[in-house]
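# Analysis of the macromolecular model
Chain residues, written in single-letter form:
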Amino acid sequence: MNTEHIRCLIIGGGPAGYTAAIYASRAALEPVLYEGTEPGGQLTTTTVVENFPGFPGGVDANKLMGDMREQAVRLGADIRRGSVTAVDFDRRPLLVTVDSGLQIEADAVIIATGATAKYLGLPSEQKFRGLGVSACATCDGFLYPGKAIAVYCGSREFEHEVIYLAEIAAKVYLFTPYSDCEIIRENITVNPGKLKSICGQEAVTGVTLTDGTILNVDGVFVLRNAVAPDTLLRGLELDGANIAVDRQMRTNKPGCFAAGDCTGRPYQLAKAVGEGNIAAHSIVAYLAEKDKQ
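Please read these numbers as outputs of a predicted model, since none were measured by experiment.

### Describing the overall build of the chain
Helix and strand counts for the chain come out as five helices and 19 strands. The C-alpha atoms of the chain give a radius of gyration of 21 Å, which matches the 19 Å a tight globule of 293 residues would have. The dimensions of the chain, computed from C-alpha atoms along their principal axes, are 65 × 40 × 35 Å. About 13800 Å² of surface is accessible on the chain, with carbon and sulfur atoms providing 49% of the total. Side chains of the chain carry 27 positive and 34 negative charges; the gap between the two charge centres is 2 Å.

Take a look at the structure:
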């Protein structure tokens, strides 16, 4: 099996990974980045990004990710197509295997794979992603001023996002698995029924409940903990379903860092960019100290 040795490996081609590649390139680390199966990350499933600083009119998500990628390449990053199939973070150098069969020995690794949103598995749920179905209140809530929405709140930690949505939407039909929900707002109705399906043609127009009730809504929000990819979690300390990191984006494995959605909420572009920056700077310091030994 072919083996390649590199200084800095970045796993994941979203905003955190591209940002880390930009800063690692500027530090002359000649980073290699594997984009995975979704170049650009989950952000590319949306259209216009309204909440990223510097774009008063919003910015096309795919263009923004394309520009980040182009900037990283221009600065010297080696960006490759491919996915990681196995890791060994207990050996030194760290060992990563990609789907081509290539094994990479890396002095340092940044995991920036994002996290997979946990939807409910309802009929048409995937069909309407980006067309009325969302897993991110702060990403897409602004689209529903004065409108009616259905919100599934999977745990108490998402209650503040429900309140955020209630400040924007005219009506919130709230569905939750816990019975002692205490979110009180005039425009929030805690519904005892369960969601059965999502209705619509080109976009969401309503939801059907298991008792046959149909509610007319313009959007559906599913607020549940996202999950980091299992392939990369071997031996890593977790915080719930996400990778646990300190303020320098260090994991519990020396030389292994993580950034972006895989480290947990809030799942935001600005957070991913900031953590990618920190992770790259932390790797510079880590490798400098390693070189002294």
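### Thoughts on the environment of A72
Assignment of secondary structure puts A72 in helix α2 (residues 61-74). A residue is classified by how much of its surface remains accessible, and A72, at 0% relative accessible area, is buried. Here A72 is in contact with Y18, A21, I22, S25, A77 and I79, once residues within four sequence places are set aside.

### Some words on the pattern of salt bridges
Evaluated as defined, the whole model comprises 13 salt bridges. Linking D291 and R7 is a salt bridge whose minimum nitrogen-to-oxygen distance equals 2.9 Å. Remark: R7 occurs in strand β1 (residues 3-11) and D291 occurs in helix α5 (residues 269-292); sequence separation between them is 284 residues. For D291, a relative accessible area of 48% puts it in the partly exposed group. Across the pair R185 and E167 runs a salt bridge, and its minimum N-O distance is 3.7 Å. Taken together, the residues span a long stretch of sequence, with R185 in the loop between β11 (171-175) and β12 (188-190) and E167 in helix α4 (residues 159-168) at a distance of 18 residues. Its relative accessible area of 57% is what places E167 among the exposed residues.

### Digging into the packing of helix α1 (residues 15-26) against α5
Look at α1 against α5: their axes get within 7 Å of each other, and the N-to-C directions meet at 35°. Here α1 runs over α5; the crossing is right-handed. Residues P15, A16, T19, A20, Y23 and A24 of α1 form the contact with α5, whose own contacting residues are L269, A272, V273, G276, N277, A280 and H281. Counted by class, the contact of α1 with α5 contains nine nonpolar, four polar and no charged residues.

### Examining the sheet that holds strand β15 (residues 214-216)
Hydrogen bonds along the backbone pair up the strands of a sheet, which may run parallel or antiparallel. One open sheet holds the three strands; their spatial order is β13-β14-β15, and the pairing between them is antiparallel. In this open sheet, the two edge strands, each paired with only one partner strand, are β13 (195-200) and β15. Adjacent strand axes in the sheet meet at a mean angle of 25° when their direction is disregarded. Pairing geometry for strand β14 (residues 204-209) and β15, over three bridges, is antiparallel. Paired with T208 across the two strands is I214, which belongs to β15.

Criteria and cut-off values
Residues numbered from 1 in each chain as written. Predicted model: local features only at pLDDT ≥ 70, side-chain atom pairs only at ≥ 80, totals over all residues. Heavy atoms only, no water. Helix = DSSP H or I, 4+ residues; strand = E, 2+ residues; numbered from the N terminus. Rg over C-alpha atoms; globule rule 2.2 N^0.38 Å. Areas by Shrake-Rupley, 256 points an atom, 1.4 Å probe, with all protein chains shown as cover. Lys, Arg positive; Asp, Glu negative; His and termini not counted. Charge placed at Lys NZ, Arg CZ, Asp CG, Glu CD. Buried < 20%, exposed > 50% of the residue type's maximum accessible area, 1.4 Å probe, protein only. Contact = heavy atoms within 4.5 Å. Salt bridge = Lys/Arg side-chain N within 4 Å of Asp/Glu carboxyl O. Axes fitted to C-alpha atoms, helices over the stretch in contact; angles between N-to-C directions. Left-handed = near helix turned anticlockwise from the far one by under 90°. Nonpolar A, V, L, I, M, F, W, Y, C, P; charged D, E, K, R; others polar. Pairing = 2+ DSSP bridges.

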